[in-house]
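Chain and residue survey
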Amino acid sequence: MPEKPGGTEISELAALKALAQPRRQQILQHLTLHGPATSAILARALGLNTGATSYHLRELARYGFVTGAEAPRSETTTGPAARRARWWRAVPGDLRFPPPSRRTPGMRAVMEELNHHAYAADLELFEGLQRESGAAADGAGTDDWADAHAYSRGALRLTLPEVREFFEEYIALMNRYKRPEGEIPPGARTVHTRLLAFPEPADGPPPPTGAVPPAGEAEPHHGSAPHPHALPDARGVSTDDNDGRETDAS
């Protein structure tokens, strides 16, 4: 799938089905966050069967989500088994799903399944990392990264073109912080980022506060303000969803 300005849309139903499989989402996430791996490494990390992992990798490769990679220099390459091991990496790119208005009934069913698993995995990851951060803060030592959990809620009055512009500016911001592996500074960590934006129905209820902010003005944000150390992911892990388009800008 060649990269196009504004992202590459995954419009093939078979490709969407390949990506919607929960195990494949786990594999792709692991490759995106941790770099190249073999099927054996992935199987151990994710608690999967090696044979099944190899099959899932081939299916992901079939639709261009992963590709073969060279073994990292740090890996031992002696012995027949090591030399035969095939390494895989995630293919970087701004991948977007068709907006709801262009989805067929089959696509809608697949997207519902994909989103169901993705949102659940994101929530589990967020809660788990928060627990680990809290435990670290309660320990004898201090970890400045314990405060790097940026969280914000709010609402904006936007036109449809402004929503699209907002989303593209978010993607541009993510891309600003992308750096090649060799340029990542010491002390940098992977920071997971997610964007979820959705319009209120035209006939929906008024905001819970009962107050309608002036046009174009954001409601007060609830939760902690972004911490100065909480930068977007320097390695370019996935971003998601807006304007009906979930994206994986890895």
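What counts and what doesn't
- Residues numbered from 1 in each chain as written.
- Predicted model: local features only at pLDDT ≥ 70, side-chain atom pairs only at ≥ 80, totals over all residues.
- Heavy atoms only, no water.
- Patch = residues over 30% accessible without salt bridge, like charges linked within 9 Å, V, L, I, M, F, W, Y side chains within 5 Å.
- Areas by Shrake-Rupley, 256 points an atom, 1.4 Å probe, with all protein chains shown as cover.
- Salt bridge = Lys/Arg side-chain N within 4 Å of Asp/Glu carboxyl O.
- Helix = DSSP H or I, 4+ residues; strand = E, 2+ residues; numbered from the N terminus.
- Buried < 20%, exposed > 50% of the residue type's maximum accessible area, 1.4 Å probe, protein only.
- Expected span 1.5 Å × (residues − 1).
- Contact = heavy atoms within 4.5 Å.
- Polar contact = N/O pair within 3.5 Å; in protein donor to acceptor, adjacent residues only side chain to side chain.
- pLDDT = per-residue confidence, 0-100.
- Axes fitted to C-alpha atoms, helices over the stretch in contact; angles between N-to-C directions.
- Parallel < 35°, antiparallel > 145°, perpendicular 65-115°, else oblique.
- Left-handed = near helix turned anticlockwise from the far one by under 90°.
- Core = buried A, V, L, I, M, F, W, Y, C linked by side-chain atoms within 4.5 Å.

**Some details on a nonpolar patch on the surface**
A cluster of nonpolar side chains, namely Tyr119, Leu196 and Phe198, defines an oily patch on the protein surface of about 370 Å² accessible area. Of note, Leu196 is situated in the loop between helix H7 (160-176) and strand E6 (247-249). Residue classification places Leu196 among the exposed residues on the basis of a relative accessible area of 55%.

**So, the pattern of salt bridges**
Going through the model one piece at a time under the given rule, you end up with 5 salt bridges. As a salt-bridge pair, Arg96 and Glu168 come within 2.6 Å of each other at their nearest N and O atoms. Here Arg96, found in strand E5 (residues 94-96), pairs with Glu168, found in helix H7; they are 72 residues apart in sequence, far enough to count as distant. Arg96 gets classed as buried once you look at its relative accessible area, which sits at 2%. According to the relative accessible area criterion, Glu168 is partly exposed, its value standing at 33%.

**Concerning helix H4 (residues 50-62)**
Compared with an ideal rise of 1.5 Å per residue, which puts 13 residues at 18 Å, H4 spans 18 Å between its outermost C-alpha atoms and is within 8% of the ideal. For H4, the elements touching its buried residues are helix H1 (13-20), helix H2 (22-34), helix H3 (39-46), strand E3 (66-69) and strand E4 (87-90). Where H4 begins, one side-chain oxygen reaches toward the backbone nitrogen of Gly51, 2.8 Å away; that side chain belongs to Asn49. Residue Gly64 follows H4 closely and has a positive phi angle near 85°.

**Points about the confidence of the model for the protein chain**
The predicted model of the protein chain has a mean per-residue pLDDT of 76, with 72% of residues at 70 or higher. In this model residues 211-250 is a low-confidence stretch, pLDDT under 50, and it forms 130 contacts with partners more than four residues away in sequence or in other chains.

**Things to note about H2**
Helical geometry note: an α-helix holds 3.6 residues per turn, so side chains three or four residues apart project in the same direction. With 13 residues, H2 should reach 18 Å at 1.5 Å per residue; the first-to-last C-alpha distance of 18 Å fits that figure. Within H2, burial applies to Arg24, Gln25, Ile27, Leu28, His30, Leu31, Thr32 and Leu33. Of the residues trailing H2, Gly35 is marked for its positive phi of about 85°.

**Brief notes about the packing of H3 against H4**
Where H3 meets H4, the closest approach of the two axes is 8 Å, and the angle between their N-to-C directions is 115°. Judged by the angle between their axes, H3 and H4 are roughly perpendicular. Every pair of crossing elements has a handedness; the one defined by H3 and H4 is right-handed. Of H4, the residues touching H3 (which contributes Ser39, Ala40, Leu42 and Ala43) are Thr50, Thr53, Ser54 and Leu57.

**Describing the nonpolar core**
Ranked by size, the top nonpolar core spans 25 residues in total, and within it Ile10, Leu16, Leu19, Ile27, Leu31, Phe65 and Phe97 carry the most contacts. Of all the secondary structure elements, the ones that give two or more residues to this core are H1, H2, H4, E4 and helix H6 (105-138). At 5 residues, H1 tops the list of elements feeding residues into this core.

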